[in-house]
Amino acid sequence: MLRSLRLVPVLLALFALAPGCTTLQQIANFQNVDFDLDRVSNGLVAGVDLDRLVQNRRVGVADGARITAAALRGEVPLSFTLFVGADNPTGNPVAQVLSLDWTMFLDGTETINGTYNETVSLQPGQRSLIPIDMELDLVRFFGNNAGDIIDLIGDLAGDGSQPSMIRLQARPTVNTALGPIRYPGTISIEFPVGSQN
């Protein structure tokens, strides 16, 4: 009887270890998922269609005047949807993202942050898209100098000497055998807006 009682803690430890090993494997599998910023769409800057500016690769006189007037008022709102792409390799099991904490950097400047709270199942061998709506005031982060704002928007449109760079620093929470686990590190992904490619 004593020998049987001594085996109980060992068996409990083994049962506890099994889900733990599964969880570690799930985290390891998640490291194989490739993330990138797929595209930016539905963009508006001070009421001007950013998608049209990117298509034309320039800020016209009328649009420039509207953006300048907004800067002089002290508020240049920029909104868009940023699509995060996730490619789960064919050999991986299904990975489930429960939420995604993120911080957005625009041309190296830290701007807004938030959390995407929709569950996304990443199927093996498939590409999944995570749409994140972004809203920020350019004056808050870049000042109200109309010329600087126009230059920044020109870079976003592809009218500048180099494209603007959007970087997303993200930290997902994934579903595991032990329940939701926050990913131990951050994922940094970049996207050049206004690239001539």
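You'll find the structure just up there.
Fair warning: this is a prediction, and the values are worked out from it, not measured in the lab.

A. Broad picture of the pattern of salt bridges. Counted by the stated rule, this structure contains six salt bridges. We note a salt bridge from Asp38 to Arg39, for which the minimum N-O separation is 2.8 Å. Taking the relative accessible area as the measure of exposure, Arg39 reaches 34% and is therefore partly exposed. The salt bridge involving Asp63 is made with Arg52; its shortest N-O contact spans 3.0 Å. Of this pair, Asp63 sits in helix α3 (residues 61-73) while Arg52 is found in helix α2 (residues 50-56), placing the two residues 11 residues apart along the sequence. In this structure Asp63 comes out as buried when scored by relative accessible area, which is 13%.

B. Quick peek at the nonpolar core. Formed by 52 residues in total, the largest nonpolar core has its most connected members in Phe30, Val45, Val76, Leu138 and Leu168. Residues contacting Leu138, with those up to four places away along its chain left out, are Val45, Val76, Leu78, Leu106, Gly143, Ile149, Leu152 and Ile153.

C. Looking closely at unusual backbone geometry. The phi dihedral of Ala46 is positive, around 50 degrees, even though this residue is not glycine. Within the fold, Ala46 resides in the loop between β1 (34-45) and β2 (48-49). You can call Ala46 buried: its relative accessible area is 12%. Despite not being glycine, Asp107 has its phi angle at roughly 50 degrees, a positive value.

D. Structural detail: α3. Its 13 residues place the ends of α3 18 Å apart at the C-alpha level, agreeing with the 18 Å of an ideal helix rising 1.5 Å per residue. The complete set of buried residues in α3 reads Asp63, Gly64, Ile67, Ala70 and Ala71. In a view along the axis of α3, the buried residues occupy a sector of 125 degrees, so they form one face of it. Of the residues in α3, the exposed ones pointing more than 90 degrees away from the buried face are Val61, Ala62, Leu72 and Arg73. Turning to α3, the residues buried within the fold contact β1, β2, α2 and α5 (146-157). With its phi angle positive at about 90 degrees, Gly74 sits one or two positions after the end of α3.

What counts, and at which threshold
Residues numbered from 1 in each chain as written. Predicted model: local features only at pLDDT ≥ 70, side-chain atom pairs only at ≥ 80, totals over all residues. Heavy atoms only, no water. Salt bridge = Lys/Arg side-chain N within 4 Å of Asp/Glu carboxyl O. Buried < 20%, exposed > 50% of the residue type's maximum accessible area, 1.4 Å probe, protein only. Helix = DSSP H or I, 4+ residues; strand = E, 2+ residues; numbered from the N terminus. Core = buried A, V, L, I, M, F, W, Y, C linked by side-chain atoms within 4.5 Å. Contact = heavy atoms within 4.5 Å. Expected span 1.5 Å × (residues − 1). Arc of directions from axis to C-beta.

Geometric descriptors of this kind do not, in isolation, establish any biological role.
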